Amino acid sequence: MATDTPARAHGRAGRNVPVSIASAVVLIALILVTLLVWKTLFMVVVAAAVLVAIWELHRGFSAMSVDLPEQPLMAGGVVMVVVAYFWGAPALVTATAVSALVTMLWLLRRGVPGYVHSATASVFTLVYVPFLGSFVALLLREGGATGFHRYDAGVKGILTFIAVTAASDIGGFVAGVLFGRHPMAPVISPKKSWEGFVGSGVACVAVGVAMIVWVLDADWWIGVCLGLVAVVMATLGDLCESVIKRDLGIKDMSQVIPGHGGLMDRLDSLLATVAPIWLLLHYLVF
């Protein structure tokens, strides 16, 4: 009789660390190459991430018998990213409103039953993924959407945003594995601990100060503010995504990234931090 092979244990980390690190290295290399060679190409990466994230949410919501209309959401998502980069925040607001209306009109083709559920989930998806993701475009355009220098303010802003958010994940992961004893939200995310949160905070502030002073050439106290904002928002973003997955009854959004799960499992903290980081850098640094 065939027996089920037990899942390989990965210790307190809860993941295959070597595979996870390898995947992270590939993703970081993709980001750096596109940013530093021709930053507009990075917008292609952002648009592709939006498309994959919408697909993952469509897959997740289907577990609750909610069928997201992928076509208008994906088309609207790409348009939102593009207009945010080339024409700024007012264009993003307009594109978001139009995309929401088009999506709701698209759903009329399906009739009355389930319309409210599908429309609500669709607008939620539109705001959660492409709208928040478009703040990456707003941050990158700080150095100009065209006629920019290779290593301009926008590129520096993106590198700062990614570095600080990554510091939250890495600091929390290391501190949680080594010292985690007190769960922060055991019902939502059992592996997340208060010790990990402290580790995230220390790492975020340290990296925030370093990036603000040495990369963006601004005052150190802005780096402290940046780090504190990042750790709070990244943690909230991670918890919110955990709630979504628990409500949908799934462990991972997909398995597109070896060692990490779905793309949304990596974007959760990035999506939550990018808007406040753009706001802080836009008014205090740029």
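Small disclaimer: the values here were computed from a predicted structure and weren't measured.

Basis of the calculations
- Residues numbered from 1 in each chain as written.
- Predicted model: local features only at pLDDT ≥ 70, side-chain atom pairs only at ≥ 80, totals over all residues.
- Heavy atoms only, no water.
- Helix = DSSP H or I, 4+ residues; strand = E, 2+ residues; numbered from the N terminus.
- Rg over C-alpha atoms; globule rule 2.2 N^0.38 Å.
- Buried < 20%, exposed > 50% of the residue type's maximum accessible area, 1.4 Å probe, protein only.
- Contact = heavy atoms within 4.5 Å.
- Areas by Shrake-Rupley, 256 points an atom, 1.4 Å probe, with all protein chains shown as cover.
- Pairing = 2+ DSSP bridges.
- Core = buried A, V, L, I, M, F, W, Y, C linked by side-chain atoms within 4.5 Å.
- Phe/Tyr/Trp six-rings, centres within 6.5 Å; stacked < 30°, edge-to-face > 60°.
- pLDDT = per-residue confidence, 0-100.
- Polar contact = N/O pair within 3.5 Å; in protein donor to acceptor, adjacent residues only side chain to side chain.
- Expected span 1.5 Å × (residues − 1).
- Salt bridge = Lys/Arg side-chain N within 4 Å of Asp/Glu carboxyl O.

Some thoughts on the overall build of the chain
Argument step 1. Counting secondary structure elements, the chain contains nine helices and two strands.
Argument step 2. When the helices and strands of the chain are placed in sequence order, the string is α-α-α-α-α-α-β-β-α-α-α.
Argument step 3. Computed over the C-alpha atoms, the radius of gyration of the chain is 19 Å, within 12% of the 19 Å expected from 2.2 N^0.38 for a compact globule of 286 residues.
Argument step 4. If one aligns the C-alpha atoms of the chain with their principal axes, the spans along those axes are about 55 × 50 × 30 Å.
Argument step 5. Per-residue burial over the chain gives 46% buried out of 286 residues.
Argument step 6. Considering only residue pairs separated by 6 or more positions, the chain has 70% of its internal contacts joining residues 24 or more positions apart.
Argument step 7. Taken as a whole, the chain presents about 14,300 Å² of accessible surface, with 72% of it coming from carbon and sulfur.

Focus on the pairing of strand E2 (residues 189–193)
Argument step 1. Bridging between strand E1 (residues 183–185) and E2 involves two bridges; their strand directions are antiparallel. Following the sheet pairing, Ala185 is matched in E2 by Ser189.

Some words on the nonpolar core
Argument step 1. Formed by 62 residues in total, the largest nonpolar core has its most connected members in Phe42, Met43, Tyr128, Val129, Val136, Leu140 and Met264.
Argument step 2. Within the residue set of this core, elements represented by two or more residues are helix H2 (39–61), helix H3 (70–87), helix H4 (89–107), helix H5 (115–140), helix H6 (153–179), helix H7 (194–214), helix H8 (220–248) and helix H9 (264–284).
Argument step 3. With eleven residues, H5 is the single largest residue contributor to this core.
Argument step 4. If we ignore the near neighbours within four places in the chain, the residues touching Tyr128 are Leu57, Glu241, Ile244, Met264, Asp268 and Leu271.

Comments concerning the packing of aromatic side chains
Argument step 1. If you walk through the whole model with that rule in mind, you get seven aromatic pairs.
Argument step 2. Seen from their ring centres, Phe135 and Trp278 are 5.6 Å apart, and the 65° between their planes marks the pair as edge-to-face. Placement of Phe135 in helix H5 and of Trp278 in helix H9 is noted, with a sequence separation of 143 residues between them. Summarising the burial analysis for this pair, Phe135 and Trp278 share the class buried.
Argument step 3. Judged by centre distance (6.0 Å) and plane angle (85°), the ring pair of Trp194 and Phe197 falls under edge-to-face.

Structural notes on the confidence of the model for the chain
Argument step 1. Averaged over every residue, the pLDDT of the chain is 90; residues scoring 70 or more account for 93%.
Argument step 2. Note on residues 1–13: pLDDT is under 50 here. Beyond four places in sequence and across chains, it has twelve contacts.

Details of the side chain of Lys245
Argument step 1. Along the chain, the position of Lys245 falls in helix H8.
Argument step 2. At a separation of 3.3 Å, a polar atom in the side chain of Lys245 contacts the main-chain carbonyl oxygen of Lys251.
Argument step 3. With residues up to four places along the chain from it excluded, the contact list for Lys245 reads Ile250, Lys251, Asp252, Met253 and Asp265.

Considering H6
One full turn of an α-helix is made of 3.6 residues, so residues set three or four places apart face in the same direction.
Argument step 1. For H6, spanning 27 residues, the distance from its first C-alpha to its last is 38 Å, which sits close to the expected 39 Å at 1.5 Å a residue.
Argument step 2. Here H6 starts with a cap whose side-chain oxygen sits 3.1 Å from the backbone nitrogen of Gly154, and that cap is Asp152.

Some words on the pattern of salt bridges
Argument step 1. Here the structure, examined in full by the defined rule, presents five salt bridges.
Argument step 2. As a salt-bridge pair, Lys192 and Asp238 come within 2.7 Å of each other at their nearest N and O atoms. Taken together, the residues Lys192 in strand E2 and Asp238 in helix H8 connect sequence positions 46 residues apart.
Argument step 3. Glu241 is paired through a salt bridge with Lys245; the nearest N and O atoms lie 3.6 Å apart. In this pair, Glu241 and Lys245 are both assigned in helix H8, four residues apart and thus about one turn of the helix distant.

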